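Here's the letter readout for the chains.
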Amino acid sequence: MSHHRIPSPGAVSSVEDAAEQLGCSAVTDVARAAARHAARQLGDEYTDDVLAAAALRLATARGRHQAVPIDAVCQQFDVDQSAVAAVESVLVDTLQPPASSETIRQLRRTVITVRELLAALESDRSCAPYRPGSALEGLDPAVASLLEQPLDRLDEPELRAHLERLEADLQMAKLGVDLYLLVHE
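What comes next is a walk through the structure. Nothing here was measured: the structure is a model prediction, and the numbers come from that model.

Conventions and cut-offs
Residues numbered from 1 in each chain as written. Predicted model: local features only at pLDDT ≥ 70, side-chain atom pairs only at ≥ 80, totals over all residues. Heavy atoms only, no water. Core = buried A, V, L, I, M, F, W, Y, C linked by side-chain atoms within 4.5 Å. Buried < 20%, exposed > 50% of the residue type's maximum accessible area, 1.4 Å probe, protein only. Helix = DSSP H or I, 4+ residues; strand = E, 2+ residues; numbered from the N terminus. Contact = heavy atoms within 4.5 Å. Lys, Arg positive; Asp, Glu negative; His and termini not counted. Salt bridge = Lys/Arg side-chain N within 4 Å of Asp/Glu carboxyl O. Polar contact = N/O pair within 3.5 Å; in protein donor to acceptor, adjacent residues only side chain to side chain. Expected span 1.5 Å × (residues − 1).

Focus on the nonpolar core
And then number 1: Grouped together as the largest cluster of nonpolar side chains are 38 residues, with contacts concentrated most on L56, F77, V87, L91 and L179.
And then number 2: Sorting the residues of this core by element identifies α1 (15-21), α2 (28-42), α3 (48-64), α4 (70-77), α5 (81-94) and α9 (177-183) as the ones contributing at least two each.
And then number 3: With 9 residues, α3 is the largest single contributor of residues to this core.
And then number 4: In contact with L91, not counting residues within four places along its chain, are A34, H37, A38, A54, A55 and L58.

Here it is in structure tokens:
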């Protein structure tokens, strides 16, 4: 069944509105990128609202590890669940999956550790946050070595730049490379 892509008279007018009403505003940029990708993949087969609903579900699944319920998102856009599921399936099939949960967890721990190092620097502490040996397992070795140095030997601007790279790596791991690139195009 083909649908011409015309704005449908849904309950909301945009991804932003639906994301806000569903309590997931943080994934709006990701949902918009996924909707653009779906439109390129599917042409005029589905309405913009169906594409947006499927994209919002995918964005929440990759951003929060749990997609908003299909019935809730379909109600927000006033669209058919089977159409949203079909578009979501195309998105999953055409976008690289996210990294493993273990990789994401390790990156998240590294980001948190670097943030704690920066907070210690900002508060003029002389020692890095304490981490017992077991807490260093799986941590980026370069970051683990920073925990063993006096804070006055750390280069704060370099550490901030490293944190930005780590945060980008974490986002890419959560979204998958394809979706990450679509968000940043």
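A word on the side chain of R62
And then number 1: Position of R62 relative to the elements: it lies in helix α3.
And then number 2: Notably, R62 is buried but unbridged: the nearest opposite-charge side chain belongs to D178, and the N-O separation is 7.0 Å.
And then number 3: Here Q96 takes part through its backbone oxygen, which lies 3.0 Å from a polar atom of the side chain of R62.
And then number 4: Within the structure, R62 has its side chain in polar contact with the backbone oxygen of L175 (distance 2.6 Å).
And then number 5: Look past the residues within four positions of R62 in its chain and what remains in contact with it is L95, Q96, P97, P98, K174, L175, G176 and L179.

Some details on helix α8 (residues 156-175)
Since one α-helical turn is 3.6 residues long, residues separated by three or four positions face the same way.
And then number 1: Here α8 is 20 residues long and its end C-alpha atoms lie 29 Å apart, about the 28 Å a rise of 1.5 Å per residue gives.
And then number 2: Among all positions of α8, only L159, L163, L166, L170, A173 and L175 are buried.
And then number 3: The first or second residue beyond α8 is G176, which carries a positive phi of 90°.

Description of the environment of L179
And then number 1: Relative to the elements of secondary structure, L179 occurs in helix α9.
And then number 2: Considered as a pair, L179 and R62 are 117 residues apart in the sequence and their alpha carbons are 9.7 Å apart.
And then number 3: Beyond its immediate sequence surroundings of up to four residues, L179 is in contact with V30, A33, A34, L58, R62 and L95.

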